Amino acid sequence: MGSHVTQATYYRLLLSEILPRFICKVLYLDGDIIVRHSLLPLWNTNLKDSAVGAVPDPSDGDLEFYHRLNYPPELGYFNAGVLLVNLDYWREHNVVKDFFRILQEDVDKLKCWDQDVLNIAFSDKKVVLPIKYNFTSGFILKFPQFDYRKYEKEVLEAHKDPVVVHFIVEKPWKYSRQPKHPFSSTFFKYQSQTKWKGVKIDRRPFKLRVINFVADILRKYGLKSQVPPWYEYIEIAPID
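Calculation criteria
- Residues numbered from 1 in each chain as written.
- Predicted model: local features only at pLDDT ≥ 70, side-chain atom pairs only at ≥ 80, totals over all residues.
- Heavy atoms only, no water.
- Phe/Tyr/Trp six-rings, centres within 6.5 Å; stacked < 30°, edge-to-face > 60°.
- Helix = DSSP H or I, 4+ residues; strand = E, 2+ residues; numbered from the N terminus.
- Buried < 20%, exposed > 50% of the residue type's maximum accessible area, 1.4 Å probe, protein only.
- Lys NZ or Arg CZ within 6 Å of the ring centre and 35° of its normal.
- Contact = heavy atoms within 4.5 Å.
- Axes fitted to C-alpha atoms, helices over the stretch in contact; angles between N-to-C directions.
- Left-handed = near helix turned anticlockwise from the far one by under 90°.
- Pairing = 2+ DSSP bridges.
- Polar contact = N/O pair within 3.5 Å; in protein donor to acceptor, adjacent residues only side chain to side chain.

Following the criterion strictly, the structure yields 12 aromatic pairs and no others. Taking the centre distance of 5.6 Å and the plane angle of 40° together, the rings of W90 and F122 count as tilted. Of this pair, W90 sits in helix α4 (residues 87–92) while F122 is found in the loop between α6 (114–121) and β5 (126–128), placing the two residues 32 residues apart along the sequence. Residue classification places F122 among the buried residues on the basis of a relative accessible area of 1%. Each residue in the set F135, F139, F146, Y148 and F183 is aromatic and connected to the rest through ring pairs, giving one cluster. One Lys or Arg, K25, reaches over the ring of W43 and ends 4.3 Å from the middle of that ring. Cation over ring: R68 sits above F65, and NZ or CZ is 5.1 Å from the ring centre.

Relative to the assigned elements, N212 resides in helix α9 (residues 206–220). Those residues in contact with N212 that sit more than four places away from it in its chain are Y175, R177 and R204.

The relative placement of two packed helices is expressed as an angle between their axes plus a distance between the axes. Where helix α5 (residues 95–105) contacts α6, the axes come no closer than 10 Å and their chain directions differ by 115°. Crossing geometry of α5 relative to α6 is assigned as right-handed. Contacts between α5 and α6 involve F99, I102 and L103 on the former and, on the latter, V117, L118, I120 and A121.

Time to look at unusual backbone geometry. Excluding glycine, residues mostly have negative phi values, and the peptide bonds linking residues are mostly trans. The phi dihedral of N70 falls on the positive side, at around 65°, and the residue is not glycine. Relative to the helices and strands, N70 resides in the loop between α3 (63–69) and β4 (78–86). For N70, a relative accessible area of 60% corresponds to the exposed category. Positive phi, close to 55°, is recorded for W113, a residue that is not glycine. Within the secondary structure layout, W113 lies in the loop between α5 and α6.

Turning our eyes to something else, we now look at the sheet that holds β5. Note: strands within a sheet are paired through backbone hydrogen bonds, in either parallel or antiparallel orientation. The mixed open sheet is built from 4 strands, whose spatial order is β1-β4-β3-β5. In this open sheet, the two edge strands, each paired with only one partner strand, are β1 (25–29) and β5. This sheet shows a mean twist of 25° between the axes of neighbouring strands, independent of strand direction. The sheet contact formed by strand β3 (residues 52–56) and β4 spans 5 bridges and is antiparallel. Across the sheet, P56 pairs through a bridge with F78, a residue of β4.

In spatial order, the strands read β2-β7-β6; together these 3 strands make up an open sheet with mixed pairing. What marks the edges here is a single partner per strand, and that holds for β2 (33–35) and β6 (135–136). Pairing analysis gives 3 bridges linking β2 to strand β7 (residues 164–166), with the strands arranged antiparallel. In the sheet register, V35 faces β7, and the bridge partner there is V164.

With that out of the way, let us pick up the side chain of H181. With respect to the helices and strands, the residue H181 is situated in the loop between β7 and α8 (184–191). Residue H181 is classed as buried on the basis of its relative accessible area of 4%. Of the polar contacts made by the side chain of H181, one reaches the side chain of S137; its length is 3.3 Å. Among the polar contacts listed, one links the side chain of H181 to the backbone nitrogen of F183, at a separation of 2.9 Å.

This is a description of form; function is not addressed.
This is the structure:
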């Protein structure tokens, strides 16, 4: 597992076992998101006989994902940061057993941890949700991997008024020399409405903070070379 991934990452796979049996549906949300509008329309989505409702991942158009996970590209690949889970389906079909089988048999294929497991298990058992409900950073990169022809209208609409903004590349609250996320102002707007107003999260050791501070000053005045970004965002007007 990566340094940011813990055992708790896999708790999503045990929702049907952890939650009381009288709960038949649950909406799972990652912690690195901002919710801008009511989630009631999302909650009321009819999952019918599907296991989960989820939004396509920005890597949806990358064929490597399907070759690696061994299922057809036309079924799509979703991001697990926002999930509308049909717990009744999970329990009826004992999907936890399938999860553990995948973890044992296909462990070498898994690069995105439990997200890969969920995509393998539910490749043809999902309801595809509108992109506005999990508007991840990959949808605003200059060189996206998703199928632009397929999702162009949805993505452009989400640019203007996303319901859920998901910071999966750079986090607004973390120090970085990479480009600033276009929706950083959204995060700080909502943070200012909480008891954590003005609180800065910086886990860098003091020595590293001093080094970074000095390096940034030197770059500002052209005394140190700029570090080229490994990605670029499109130009987009702030929404908040």
